[in-house]
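For reference, the chains in residue letters:
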Amino acid sequence: MDNDTTTQTVARGDESEVEADLLVEDVSIDGMCGVY
Amino acid sequence: MKLVEHFKHGLDAPICLTWELTYACNLACAHCLSSSGRRDPRELSTAECKAVIDELQRMQVFYVNIGGGEPTVRPDFWELLDYAVGHDVGVKFSTNGVRITPERARQLAATDYVDVQISLDGATAEVNDAVRGSGSFDMAMRAMRNLADAGMENFKISVVMTRHNVAQLDEFKSIADTFGAQLRITRLRPSGRGADVWNDLHPTTDQQLQIYDWLVANGEQVLTGDSFFHLNALGSAPLPGLNLCGAGRVVCLIDPVGDVYACPFAIHDEFLAGNIRAPGGFESVWRTSELFARLRQPQSGGACTSCSAYDSCQGGCMAAKFFTGLPLDGPDPECVRGNAELALAVSGMVRPQPDKDHSRATRPVALGMPVAVPDRACDASPLAGLDRR
Amino acid sequence: MACAVSTETGFDPARPYALAASVSLRPEPFGALVYDFTTRRLSFLKTPQLVDTVRALADQPDATAALLAAAVPAAEHPHYLRALAGLFEAGTIALRPVA
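Worth saying up front: this structure is predicted, and the values here are computed from it rather than measured. Along each chain, residue indices are assigned from 1 in the same order as the chain's sequence is written. Working convention: letters from A go to chains and numbers from 1 go to ligands, in the order in which they are written. Totals for whole chains, interfaces and linings use every residue, but because this is a predicted model, local features are given only for residues with pLDDT of at least 70 and side-chain atom pairs only at 80 or more, for both listing and counting.

Asker: A description of the overall build of chain C should follow, citing residues and the corresponding values.
Answerer: Across its full length, chain C carries four helices and five strands. Secondary structure follows DSSP: runs of H or I at least 4 residues long count as helices, runs of E at least 2 residues long count as strands, and numbering of each begins at the N terminus. Overall, chain C shows an N-to-C arrangement of helices and strands of α-β-β-β-β-α-α-α-β. To sort residues by burial, count the other C-beta atoms lying within 10 Å of each one's C-beta; a count of 20 or more means buried, 12 or fewer means exposed, and anything in between means partly exposed. C-beta atoms are built from the backbone. Within chain C, buried positions represent 37% of all 99 residues.

Spelled out as structure tokens, the structure:
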């Protein structure tokens, strides 16, 4: 994954300033508590 | 707004969901979250299952996690699998390996949009079989060998963490590496038969820290089903994942008789949202159920609001709290700050009993004395059926 | 600006694109969810204009035309092109074979 701020793996709250610039957010698909 | 914030309010359709196809199972694992064993005579028919898949396709549910019981004991399992992937619904299915022959493994390796998850709860037969039954370790290993030999890449090995296997984390990783598979570790919940063994099997406080540290060191390669976010407060590095309860918001359970629950660890009337056989089907339940509307309201932290850890642990797991008799707006039974200790001491005798039981043998009563029932109606021996556990 | 983007990622705004065949896009009130069946990755397109842009790609001769079709303000074009480059890198969008 490149360093481009436009696409980034989800990180927690301290990224909120940078996050405002993001147009695309990647999400961990296994990260859904409540499925096997 | 971050995606996780949107998730808290619920989506118009699940992203994925767990679908337990049958309560029938060839095993009788001590901690089974769905208390499986016996088929329920009201199980959805093949046609009803296909209608569910049609709905999921229309709603654009991206994939289903198919489990049970043991889903492959349904004669129509392979037909339903093909139907799902042929209708834009990806499938991951969870199995103890009983039907994963070399031929089936080759078939799976050749099928797009299918993932396989083998259940394993010990890196050795001794540890595994104590929970899952004699021969189950060998059966799982054989299935994994068949999948690897068939070229099935990156299938999953899913482990429920218990007091007896935390020490085997590195060995589990090694087994996964051997087969070219990906390790998945998940949290034991006091759900289903898990309620009976929770006190004996749930990790100790020290072991929780071991799990957390191990995940911080290895987490990029290991899946968790996001089930360990209750441990986030143990350190400053949040575990990879959404760290959010998705029940009724992003995911849910469809059970073998069409009941829709908030989550597979919450099979109880308290978390029953509706049934897909009612008018409007699954979509109507997902969108209009009162239970789900309540879950999609902003959740108050209740007793946890003043705790500095609440932001990272979100109060833990709803199902874990419910089945240990704790209030839902308070600490998780495994709260890493120990905030549940007092409440557990008080609540211990007033736990909700799982109200759906498809176990093949009667489970022990609260005092730990097993009550024997005849294995079959005509079986006179009071000990019949006991040796299955 | 466009040249810099294409050098870094192989994404060329002057070429035709479309959503990759293994990808499902599901509009939401807040944007869209995008799931790739082969990589099993889930992404979130965070603005309606990005969703419109991605959906317009298949019908437009190139990425820049898709931005115009989606009414993305000119000042934001570089930002959106970087987003598209990231989607291309991830395999979410792919070059469309020219008829």
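Asker: Report on the overall build of chain A, specifying residues and quantitative values.
Answerer: Across its full length, chain A holds one helix and two strands. Written out in order from the N terminus, the α and β elements of chain A read β-α-β.

Asker: Give me the lowdown on the nonpolar core, citing residues and values where you can.
Answerer: Grouped together as the largest cluster of nonpolar side chains are 151 residues, with contacts concentrated most on Val64(B), Cys252(B), Tyr261(B) and Ala266(B). No other element matches helix H4 (residues 77–89) of chain C, which puts seven residues into this core. The contacts of Ala266(B), once residues within four sequence positions are left out, are Ser191(B), Ala247(B), Tyr261(B), Phe271(B), Met318(B), Ala319(B) and Phe322(B). We call a set of buried Ala, Val, Leu, Ile, Met, Phe, Trp, Tyr and Cys residues a nonpolar core when their C-beta atoms link them within 7 Å. We call two residues in contact if the C-beta atoms placed from their backbones are at most 7 Å apart.

Asker: Quick one: what's the story with the interface of chain B and chain A, residue by residue and with numbers?
Answerer: When the parts come together, some accessible area is lost, and that loss is often what is quoted as the size of the interface. Each side of the interface is counted separately: chain B has 28 residues, and chain A has 12 residues. Elements represented by at least two residues in the side of chain B that touches chain A include exactly strand E1 (16–22) and strand E2 (63–68) of chain B. Of the residues forming the side of chain B that touches chain A, the biggest block, three residues, is contributed by E1(B).

Asker: Account for the confidence of the model for chain A, naming residues and giving values.
Answerer: Residue-level pLDDT values for chain A average 57, and 39% of them are 70 or greater. Per-element confidence in chain A is highest for strand E2 (residues 24–27) of chain A, whose mean pLDDT is 88, and lowest for helix H1 (residues 16–19) of chain A, whose mean pLDDT is 39. The predictor's confidence in any single residue is recorded as pLDDT, a number from 0 to 100.

Asker: Which residues make up the packing of helix H5 (residues 125–132) of chain B against helix H6 (residues 136–149) of chain B, and what values go with them?
Answerer: Residues and elements named next belong to chain B. Taken N-terminus to C-terminus, the directions of H5 and H6 make an angle of 110°; their axes are 8 Å apart at the nearest point. Of the possible angle classes, the one that applies to H5 and H6 is roughly perpendicular. Residue-level inspection shows Ala125, Asn128, Asp129 and Arg132 of H5 in contact with H6, the latter providing Ser136, Phe137 and Asp138. Per-class residue counts for the contact of H5 with H6 are two nonpolar, two polar and three charged. In this analysis, axes come from line fits to C-alpha atoms, helices being fitted only over the stretch in contact, and the angle between any two N-to-C directions falls in the range 0 to 180 degrees. Angle categories: roughly parallel below 35 degrees, roughly antiparallel above 145, roughly perpendicular from 65 to 115, and oblique for all the rest. Polarity classes work like this: nonpolar for Ala, Val, Leu, Ile, Met, Phe, Trp, Tyr, Cys and Pro, charged for Asp, Glu, Lys and Arg, and polar for all others, with Gly in that last group.

Asker: Go over H5(B) with me, naming the residues and quoting the values.
Answerer: All names here are of chain B. Turning to H5, its buried residues number three or more, namely Asn128, Val131 and Arg132. For H5, the buried positions fall inside an angular range of 85° around the axis, keeping them on one side. Against H6 lie the buried residues of H5. At the C-terminal side of H5, glycine 133 shows a positive phi close to 105°. Each direction from the helix axis to a C-beta atom contributes to the arc, which is the arc of those directions.

Asker: Give me the lowdown on the sheet that holds strand E7 (residues 253–254) of chain B, citing residues and values where you can.
Answerer: The pairing criterion is simple: DSSP has to find at least two bridges between the two strands. Taken in spatial order, the nine strands line up as E6-E5-E4-E3-E2-E1-E7-E8-E9 (chain B) in an open sheet, and their pairing is mixed. The strands lining the two open edges of the sheet, one partner per strand, are strand E6 (182–187) and strand E9 (272–275) of chain B.

Asker: I'd like a description of helix H7 (residues 169–178) of chain B, backed by residues and values.
Answerer: Residue and element names in this part refer to chain B. Along H7, the positions that sit buried rather than exposed are Leu169, Phe172, Ile175 and Ala176. Burial along H7 is one-sided: seen end-on, the buried residues are contained in an arc of 120°. Those residues of H7 that are exposed and aimed more than 90 degrees away from the buried face are Asp170, Ser174, Asp177 and Thr178. Positive phi shows up at glycine 180, right after H7, with a value of about 65°.

Asker: Outline the pairing of strand E2 (residues 23–28) of chain C, supporting the account with residue identities and numerical values.
Answerer: As defined by bridge partners, E2(C) adjoins strand E3 (residues 31–36) of chain C across six bridges and the pair is classed as antiparallel. Pairing of Leu25(C) across the sheet is with Val34(C), part of E3(C).

Asker: If you had to explain the environment of Met139(B) to someone new, which residues and values would you point to?
Answerer: Relative to the helices and strands, Met139(B) is located in helix H6. Residues within four places of Met139(B) in sequence aside, it is in contact with Asn96(B), Gly97(B) and Val98(B).

Asker: Please give an account of the interface of chain C and chain A that cites residues and values.
Answerer: Listed by partner, the interface residues are 18 residues for chain C and 11 residues for chain A. Put simply, the parts of the chain that give the side of chain C that touches chain A at least two residues each are strand E4 (41–45) and H4 of chain C. With seven residues, the top contributor of residues to the side of chain C that touches chain A is H4(C). In terms of residue class, the side of chain C that touches chain A is made up of eight nonpolar, five polar and five charged. Examined bridge by bridge, E2(A) and E4(C) share four bridges and lie antiparallel to one another. In the sheet register, Val27(A) faces E4(C), and the bridge partner there is Leu42(C).

Asker: Give me the environment of Asn243(B): which residues, what numbers.
Answerer: Residue and element names in this part refer to chain B. Looking at the secondary structure, you find asparagine 243 in the loop between helix H9 (205–218) and E7. Given 22 C-beta atoms within 10 Å, asparagine 243 falls into the buried group. As a C-alpha pair, asparagine 243 and glutamate 270 span 27 residues in sequence and 24 Å in three-dimensional space. Among residues more than four places away in sequence, those in contact with asparagine 243 are Asp226, Phe229, Asn232, Pro238 and Gln314.

Asker: Quick rundown of the environment of Gln107(B)? Include the residues and the values.
Answerer: Among the secondary structure elements, Gln107(B) is positioned in helix H4 (residues 102–109). Separated by 179 residues in the primary sequence, Gln107(B) and Trp286(B) place their C-alpha atoms 33 Å from one another.

Asker: How would you summarise unusual backbone geometry if you had to cite specific residues and measurements?
Answerer: All names here are of chain B. Unlike most non-glycine residues, glutamine 60 shows phi in positive territory, near 60°. With respect to the helices and strands, the residue glutamine 60 is situated in the loop between helix H2 (46–59) and E2. The residue glutamine 314 is not glycine, and still its phi comes out positive at about 55°. In this structure, glutamine 314 sits in the loop between helix H12 (310–313) and helix H13 (318–323). Judged by local crowding, glutamine 314 falls into the buried class, with 20 C-beta atoms found within 10 Å.

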